[in-house]
Every structure is written in structure tokens, then in C-alpha cells.
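Here is what each chain is made of, one letter per residue.
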Amino acid sequence: MPEIITNIRKQIMQQPWGLYWIQARRLTTIEVKRNLFSWRASWIYFLAFIPTFIILIHVLIDRQDQSTMGEDTMILAGIVQFYYIRLGIFFGCLGIFSRLIRGEMIERSLHFYLLAPVRREVLLLAKFAAGSISALLLFGTAMLADFSLMYAAGGAAGHDYVFNGPGLGQLEAYLLIIALACLGYGAVFLLLSMMFRNPIPAAMLVLGWEAINPVLPSLLQKLSVASYLRPLMPISVPAEGIFALLTVQTEPVSAWAATFGLLVLIACVLVYSCYRIRTLEIRYTTE
């Protein structure tokens, strides 16, 4: 056993980590530009900023009404809990990350990367980093705009709530939730894009699993990205109607435990993705 550990350590130290870092950084820069500055990303911009447009209309119409601070806070929490986590970020990451591998195979351009003197693991992690940065920039900026516009309608009361009340703490929690959601769904969809010729049906199964996850037993709820995000919500919007009756109440989980659990899940998915890309074969005649 000590000899095996020594050999593994020697192999790790002999790797050209500096070269890997330079390659990954350049690949990430290229992919970020392609993700953000392309007409194909227009619908992802729409997904990210449609709540901002709706909140802007709300601000313009009710800008003099400062008596709805509590209602606005619940609305913002509902936007994050029910729209961004369940729909906006889900489909946005599907569009961004499924294109990184499967999209380039359809365009018959991935082989240029695979023929380059770059380790496939470095290529995969660089693409994941690029997709994550793109999703974080879009949805993080949208969240900042949503938060700012929502409390701008409150005037002095909104300013006091943000800077002298719990507002900034809630904003930090929302940004953390959006960041983890982008990383979690991104890792899942990047893997699905390598496993299936058409990742859309598999993504719809994931969407269905996420939708019914609150009514599943607590053990099965752990196999879901959203289950780790719910404990991080600073304000939880309760389910209503039949879903409130079916929802299984699980034991409270601390924010640190939920964050660590999701990061472990993301790491496991990425490790398996690195294994998959090492055996990835391209047959353009069947694509």
C-alpha cells in the first residue's frame, strides 16, 4: 500500500499542471465568448431576464406604493424558488451545456478539439467552466437586477430593508442558490450530452424527477439538485393545495451541509464525465 501511494503521488507531481492550466484558461475564454456572444444564446437571455422585465413593469405601475414590502419579498422568493430553480436555470443550462459536446458533434467541429494535443479531461473541465461562467453571468446579473428593481419600488422603506434589514443577507442567499443551481444542472446536462445522441428526452425525465421530488421519500430526495437548494432559501414559499398534502417533510438540513452535499454530487458527476469523455468516439455518419 505505501508503494502504491508513493507511485500515485509521483505520477501526480510529474504532470505538467502549468500547461494544463494555460490550455484550460484559453479554452474557457473561447467557449465563454461563443456562449455569450452568439445569436443562439438569445433565448437564454430571454429566460434569464423575463422576470426582470415583469418586475420593471411592476415598479413603473406601483412605484408609489410602499405598503407591499412583505408581499414583494414573497414574490421575489417565489420567482427564485419556482421559476429560476425549476424552469429558468434548468432550461438555460440545458441549452448552454448540451451544446458544448453534443452541439459540436452535430456541427462536426468537436474533432478539432479532440485532435489537438490537449487531454480530454482538460477539455471537458474547461468546457464545464465556460458553461458555468456563462450561466452565472446571465442568471446572476438577472438576479441582481430583479432584487434591485423589486426594492426600488419601496423608496426609503426598500432602502432601509436592504441596507438596515435582512435584504443583503437574502440577496447573498439567492446568488448562492443560483450559482449552485447553474453548477449542478450544468454538470448533469454536460454528462447527458455525452451519453445520448439527443439529450432532450433525458432532460425531460430529469425535469419530471425534479418536479415530483418533494413528494418522494427523504432518501430519494437526495438524488436531486433542487433538494439541496431548498434548505438554502432565506424565505420558503409553502406549497398550496394538493401538493402541500403530498409534500414529505424531511429533517432540517443546515446550509453548509446542503452546499457541501451538492458540491460532492457535482464532483461525482464530473469525475464520471471525465471517464466518459476518455472513451468518447465520434461517428459523424450516425449523428
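Cut-offs used in this document
Residues numbered from 1 in each chain as written. Predicted model: local features only at pLDDT ≥ 70, side-chain atom pairs only at ≥ 80, totals over all residues. Heavy atoms only, no water. Helix = DSSP H or I, 4+ residues; strand = E, 2+ residues; numbered from the N terminus. Buried < 20%, exposed > 50% of the residue type's maximum accessible area, 1.4 Å probe, protein only. Contact = heavy atoms within 4.5 Å. 1 Å grid on protein atoms, 1.4 Å probe; cavity = no way out; pocket = protein on both sides within 12 Å on 5 of 7 lines; lining within 4 Å. Points joined across faces, edges and corners; volume = space filled by probe spheres on them. Nonpolar A, V, L, I, M, F, W, Y, C, P; charged D, E, K, R; others polar. Disulfide = S-S within 2.5 Å. Core = buried A, V, L, I, M, F, W, Y, C linked by side-chain atoms within 4.5 Å. Salt bridge = Lys/Arg side-chain N within 4 Å of Asp/Glu carboxyl O. Axes fitted to C-alpha atoms, helices over the stretch in contact; angles between N-to-C directions. Parallel < 35°, antiparallel > 145°, perpendicular 65-115°, else oblique. Left-handed = near helix turned anticlockwise from the far one by under 90°. Patch = residues over 30% accessible without salt bridge, like charges linked within 9 Å, V, L, I, M, F, W, Y side chains within 5 Å. Areas by Shrake-Rupley, 256 points an atom, 1.4 Å probe, with all protein chains shown as cover.

**Q** Looking at this model, I keep getting lost on the overall build of the chain. Mind explaining?
**A** Helix and strand counts for the chain come out as 13 helices and 0 strands. Per-residue burial over the chain gives 45% buried out of 287 residues. Within the chain, counting contacts between residues at least 6 apart in sequence, those at least 24 apart form 85% of the total.

**Q** What's the story with empty space enclosed by the protein in this structure? I'm lost.
**A** If you roll a probe as big as a water molecule over the atoms, it shows you where there is empty space left. Scanning the model with the defined rule gives 1 cavity of 30 Å³ or more in all. Within this model, the largest cavity holds a volume of roughly 50 Å³. If you trace the largest cavity, you find it lined by Gln81, Ile85, Arg86, Ala226, Leu229, Arg230 and Met233. Elements with a contribution of two residues or more to the lining of the largest cavity: helix H4 (69–106) and helix H11 (225–229). Looking at which element gives the most residues to the lining of the largest cavity, the answer is H4, with 3 residues. The residue makeup of the lining of the largest cavity, split by class, is 4 nonpolar, 1 polar and 2 charged.

**Q** Which parts of the structure should I look at to understand the state of the cysteines?
**A** A covalent bond bridging the sulfur atoms of two cysteines is what the word disulfide describes. In this structure the tally under the stated criterion is 0 disulfides. In this structure Cys182 is a free cysteine whose sulfur lies 4.5 Å from that of Cys93, the closest cysteine sulfur available. Cys182 gets classed as buried once you look at its relative accessible area, which sits at 0%.

**Q** Please explain the nonpolar core as it appears in this structure.
**A** Soluble globular proteins: nonpolar side chains tend toward being buried together. Ranked by size, the top nonpolar core spans 80 residues in total, and within it Ile89, Phe139, Tyr185, Phe189 and Leu229 carry the most contacts. With 17 residues, the top contributor of residues to this core is H4. Dropping the residues within four chain positions of it, Phe189 is found in contact with Phe90, Cys93, Leu94, Phe97 and Ala203.

**Q** What is the right way to look at the pattern of salt bridges in this model?
**A** Using the criterion set out here, one finds 6 salt bridges in the structure. Note that Arg278 is salt-bridged to Glu121, the shortest N-O span being 3.2 Å. Of this pair, Arg278 sits in helix H13 (residues 255–278) while Glu121 is found in helix H6 (residues 120–152), placing the two residues 157 residues apart along the sequence. In the salt-bridge network here, residues are joined through shared partners; they are Glu31, Arg34, Glu104 and Lys127.

**Q** Whenever I open this one, the environment of Cys182 confuses me. Can you help?
**A** You can see Cys182 is positioned in helix H8 (residues 167–195). Residue contacts for Cys182: discarding those within four places in its chain leaves Ile89, Cys93, Phe97, Ala135, Leu136 and Phe139.

**Q** Help me out: how do you make sense of the packing of H4 against H6 in this one?
**A** The axes of two packed helices give the description: the angle between them and the distance between them. In contact at an axis separation of 10 Å, H4 and H6 are set at 160° when each is read in the N-to-C sense. Comparing the axis directions of H4 and H6 gives the class roughly antiparallel. Here the hand of the crossing between H4 and H6 comes out right-handed.

**Q** What should I look at first to understand the side chain of Ser134 in this one?
**A** With respect to the helices, strands and loops of the structure, Ser134 is situated in helix H6. Assessed through its relative accessible area of 1%, Ser134 is described here as buried. Excluding residues within four positions of it along the chain, Ser134 makes contact with Val32, Asn35, Leu36 and Ile96.

**Q** I keep staring at a nonpolar patch on the surface and nothing clicks. Help me out?
**A** On the surface, Phe53, Ile54, Leu56, Ile57, Leu60 and Ile61 cluster together into a nonpolar patch covering about 580 Å² of accessible area. You can see Ile54 is positioned in helix H3 (residues 42–61).

**Q** What should I look at first to understand the packing of H8 against helix H9 (residues 199–212) in this one?
**A** Taken N-terminus to C-terminus, the directions of H8 and H9 make an angle of 145°; their axes are 9 Å apart at the nearest point. The two elements H8 and H9 cross, and the hand of that crossing is right-handed. When H8 is examined against H9, the residues Tyr185, Phe189, Leu192 and Ser193 are found in contact with a partner set consisting of Pro199, Ala202, Ala203, Val206 and Glu210. Here the residues of the contact of H8 with H9 are counted per class, giving 7 nonpolar, 1 polar and 1 charged.

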